[in-house]
Amino acid sequence: MEPQRAAAPPTLPPTDPTHPAAGLRAPHLWCPVAPACHPDEKEVTERTVTWMRRFGYITTPAEEVMAREARFGELGALTYPHGGLEGAVLAAQLMVWLFLQDDRFCERAPAQGRIEELAEHILWSQRVLHSRRETPTVPEPYLEALVDLRGRLARMAADPEQVERVADGFNRYLGAVAAEAIYRAKGIAPDLGQYLRLRESTILMRGVCFVIIELADDCYLPGPVWARRDVRLCEQAAARAIAYTHDVLSGIRELYWPGHINLITVLAGHFNCSLAEALDRAVGMCEEQMKRFDRLAKPLAEEGDARLARYVRGLGAWIRGNLDWSMSCGRYHLASPRPPGELPSLFGG
């Protein structure tokens, strides 16, 4: 497949021309995967907006405008362009839950000195994920939304093993979120090796988002296939490409947030270099994983297992869909980036 570069995002005007990040601009990123979008994108969007109303994410016309501008439905349609509508809808709604709980609990609560709120959120989320009851009683709407997502995922699963994969993936994610909160509360940064290990879990790909590829495109991978080393390495490259894409594009605005940790700041500290050089290094790491994925995916797609071929196609769609959405959505290109404790709206955070 011919290498492609995504369109450049809107420029990010600096709030302070003397800030070390003031001259940085989001780069074009190389990607080996062609863009694709689910044919029912509009329905994905409308069902996602309806779901957000149901669980209290949208309570006013102004919030609905912001929700639509966040384009969560488009993200689901871009990252799950193949297969059934229900998979893309579930994915879009899961992304709402992940983004907005990250804003509220993982970023905003620690930034405002309410770290115990994050701890309570983690424990309740684990309780929902591992509950034997389909609809456990929970104390607030974010958790009600998670109950709904887990129940629908379990009903769509081809095998209970997929539900366990998701629960385990969420556990890894929540543990890494807690570790990040500790670093922030202590005012210290992880070293490069620690950060990269954290990122393997906080990106939430193999154990959660990639499992939904199996549901959406009817390509359940039995345990022996899912656990194969070549499959795991291909998934790892895809997950890293997605994580580093996020760090490059979101990282520029985060440089304006005192004490925030991302790949750019960690690389600058590790190599004792400028933010501009660190950004270049981060871009290089991202594109290296893009190339690694392309190299590892081809033999898997061609070995004759139709389910595995669809799964690998789905991994590529996630890489490209995430890149295209990130380049065009407003979430990562705010005109006036502010720390998470000061954000006026969860939709813009």
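Refer to the preceding data block for the structure.
Residues numbered from 1 in each chain as written. Predicted model: local features only at pLDDT ≥ 70, side-chain atom pairs only at ≥ 80, totals over all residues. Heavy atoms only, no water.

This next bit is on unusual backbone geometry. Positive phi outside glycine occurs at arginine 71, with the angle close to 60°. Looking at the element boundaries, arginine 71 is found in the loop between α2 (61–70) and α3 (72–79). Given a relative accessible area of 28%, arginine 71 falls into the partly exposed group. We note that asparagine 272 has phi near 50°; this positive angle belongs to a residue other than glycine. Structurally, asparagine 272 can be placed in the loop between α12 (263–271) and α13 (275–301). (Helix = DSSP H or I, 4+ residues; strand = E, 2+ residues; numbered from the N terminus. Buried < 20%, exposed > 50% of the residue type's maximum accessible area, 1.4 Å probe, protein only.)

This brings us to the packing of helix α11 (residues 229–254) against α13. At a minimum axis separation of 8 Å, α11 and α13 run at an interaxial angle of 155°. As far as their axial angle goes, α13 and α11 are roughly antiparallel. Crossing geometry of α11 relative to α13 is assigned as left-handed. For the contact of α11 with α13, the class distribution of residues is 19 nonpolar, three polar and three charged. (Axes fitted to C-alpha atoms, helices over the stretch in contact; angles between N-to-C directions. Parallel < 35°, antiparallel > 145°, perpendicular 65-115°, else oblique. Left-handed = near helix turned anticlockwise from the far one by under 90°. Nonpolar A, V, L, I, M, F, W, Y, C, P; charged D, E, K, R; others polar.)

This part takes up the packing of α3 against helix α14 (residues 306–328). For the pair α3 and α14, interaxial distance at closest approach is 7 Å and the crossing angle is 150°. In terms of their interaxial angle, α3 and α14 are classed as roughly antiparallel. Only Gly314, Ala317, Trp318, Gly321, Asn322, Trp325 and Ser328 of α14 make contact with α3, whose side of the interface consists of Glu74, Leu75, Leu78 and Thr79. (Contact = heavy atoms within 4.5 Å.)

Enumeration over the complete set of coordinates arrives at 22 salt bridges. Note that glutamate 64 and arginine 68 form a salt bridge whose closest N and O atoms lie 3.1 Å from each other. Here glutamate 64 and its partner arginine 68 are both found in helix α2, four residues apart, which amounts to about one turn of the helix. In this structure, arginine 320 engages aspartate 324 in a salt bridge whose closest nitrogen and oxygen atoms are separated by 3.1 Å. With a gap of four residues between them, arginine 320 and aspartate 324 both fall in helix α14, about one helical turn apart. Accessibility expressed as a relative area gives 18% for aspartate 324, which makes it buried. (Salt bridge = Lys/Arg side-chain N within 4 Å of Asp/Glu carboxyl O.)

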